[in-house]
Amino acid sequence: EIGYKILNSNRIPYRVAFMTKKCKEPNAFSTYRAGAVYVCDSLVKYSQDENEVAAVLAHEISHAVDYRQGIFRGYFTYLSVNTKRNEYKADKRAIDFMVKAGYNPLGLITYLNKSQPQRRFDKISKHNLTSKRLAHIYEYIFIVLPGS
């Protein structure tokens with residue numbers, strides 16, 4: 001329901017299916033070619049409210065949109081989408097998606113604080129250090145939603 005609200009509110013023209021998967025860790029991921037966003041069942045239990053679930057789904061929907069717009073409808077997009085720069089882009093777009101759907105974008109910050117422990121090194125990871133991601137997210141929310 002949350003995922004479809006984000007898709008409809010943002011008029012995203014691509015079909016995205018939401019699938020539940022059994023996992024111990026709270027997580028979500030999108031498949032290349034934008035076929036589906038997989039949501040671990042533990043994500044809902046781990047999340048404090050709908051804003052946090054919406055944050056994760058909006059981030060993955062952003063990746064799905066990038067996959068779908070890629071070369072040959074996403075066949076080769078997977079090679080270029082999973083970069084740190086694109087993770088920042090997905091975080092920013094997730095904030096935009098959340099705001100248009102009526103969710104509080106601070107849900108992205110609270111969820112990342114709980115679920116993404118700070119690593120020491122980010123050279124070999126596709127994700128940026130949590131502290132860097134949070135700083136970019138705070139900055140973007142301040143720009144997009146002044147007075148928040």
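Our subject in this report is the structure included herewith. The structure displayed is predicted, hence computed values, not measured ones.

## Here's the deal with the layout of surface pockets
Then, in step 1: Taken as a whole, the second largest pocket encloses approximately 210 Å³ of empty space.
Then, in step 2: For the second largest pocket, the lining is made up of 13 residues, of which E1, F18, T20, V39 and L57 are closest to its centre.
Then, in step 3: Residue classes in the lining of the second largest pocket are distributed as nine nonpolar, two polar and two charged.

## Considerations on the sheet that holds strand β3 (residues 36–40)
Then, in step 1: The strand order across the open sheet formed by three strands is β1-β3-β2, and the pairing between neighbours is mixed. The open sheet is flanked by β1 (17–21) and β2 (28–30), the only strands paired with a single partner. Averaged over all pairs of adjacent strands, the angle between strand axes in this sheet comes to 20 degrees, irrespective of strand direction.
Then, in step 2: Looking at chain direction, β2 and β3 are connected through three bridges and run antiparallel.

## Observations concerning the nonpolar core
Then, in step 1: Core analysis: the largest hydrophobic core is formed by 32 residues, its most contacted members being I2, I6, L57, I61, Y103 and I137.
Then, in step 2: Going through the elements one at a time, α1 (2–9), β3, α3 (50–68), α5 (84–101), α6 (106–115) and α7 (130–144) are the ones with two or more residues in this core.
Then, in step 3: Among the elements that line this core, the one with the most residues is α3, at nine residues.
Then, in step 4: Beyond its immediate chain neighbours, meaning those up to four positions away, Y103 contacts I2, K5, I6, E50, N51, A54 and M98.

## Considering the pairing of β3
Then, in step 1: For β3, a buried count of four out of five residues is recorded, marking the element as mostly surrounded by other parts of the structure.
Then, in step 2: Pairing of β1 with β3, which is carried by five bridges, proceeds in the parallel orientation. Residue T20 lies in a different strand from β3, and its bridge partner there is V39.

## Describing the state of the cysteines
Then, in step 1: Tallied over the full model, the rule gives one disulfide.
Then, in step 2: The disulfide partner of C23 is C40, and the gap between their sulfur atoms is 2.3 Å. Between C23 and C40, the S-S dihedral sits near -60 degrees, and the bridge is therefore left-handed. Of this pair, C23 sits in the loop between β1 and β2 while C40 is found in strand β3, placing the two residues 17 residues apart along the sequence.
Then, in step 3: Residue C23 is classed as partly exposed on the basis of its relative accessible area, which comes to 24%.

## A look at unusual backbone geometry
Then, in step 1: One non-glycine residue, R11, lies in positive phi territory at about 50 degrees.
Then, in step 2: Relative to the helices and strands, R11 resides in the loop between α1 and β1.
Then, in step 3: We classify R11 as exposed; its relative accessible area is 76%.

## Quick word on the packing of aromatic side chains
Then, in step 1: Scanning the entire structure with this criterion turns up zero aromatic pairs.
Then, in step 2: Taking the ring centre of Y103 as reference, the NZ or CZ of K5 above it sits at 4.7 Å.

## Some remarks on the pattern of salt bridges
Close approach of charged atoms allows side chains of opposite charge to pair.
Then, in step 1: Using the criterion set out here, one finds three salt bridges in the structure.
Then, in step 2: In this structure, K114 and E52 form a salt bridge, with 2.8 Å as the shortest nitrogen-oxygen distance. Pair noted here: K114 is in helix α6 and E52 is in helix α3, with a separation of 62 residues, a long-range link.
Then, in step 3: A relative accessible area of 32% means that K114 is categorised as partly exposed.
Then, in step 4: Between R133 and D91 there is a salt bridge, and its shortest N-O distance comes to 2.8 Å. In this pair, R133 is assigned in helix α7 and D91 in helix α5, connecting sequence segments 42 residues apart. Accessibility classification places R133 together with D91 in one group, the buried group.

Rules of the game
- Residues numbered from 1 in each chain as written.
- Predicted model: local features only at pLDDT ≥ 70, side-chain atom pairs only at ≥ 80, totals over all residues.
- Heavy atoms only, no water.
- 1 Å grid on protein atoms, 1.4 Å probe; cavity = no way out; pocket = protein on both sides within 12 Å on 5 of 7 lines; lining within 4 Å.
- Points joined across faces, edges and corners; volume = space filled by probe spheres on them.
- Nonpolar A, V, L, I, M, F, W, Y, C, P; charged D, E, K, R; others polar.
- Pairing = 2+ DSSP bridges.
- Helix = DSSP H or I, 4+ residues; strand = E, 2+ residues; numbered from the N terminus.
- Axes fitted to C-alpha atoms, helices over the stretch in contact; angles between N-to-C directions.
- Core = buried A, V, L, I, M, F, W, Y, C linked by side-chain atoms within 4.5 Å.
- Buried < 20%, exposed > 50% of the residue type's maximum accessible area, 1.4 Å probe, protein only.
- Contact = heavy atoms within 4.5 Å.
- Disulfide = S-S within 2.5 Å.
- Phe/Tyr/Trp six-rings, centres within 6.5 Å; stacked < 30°, edge-to-face > 60°.
- Lys NZ or Arg CZ within 6 Å of the ring centre and 35° of its normal.
- Salt bridge = Lys/Arg side-chain N within 4 Å of Asp/Glu carboxyl O.

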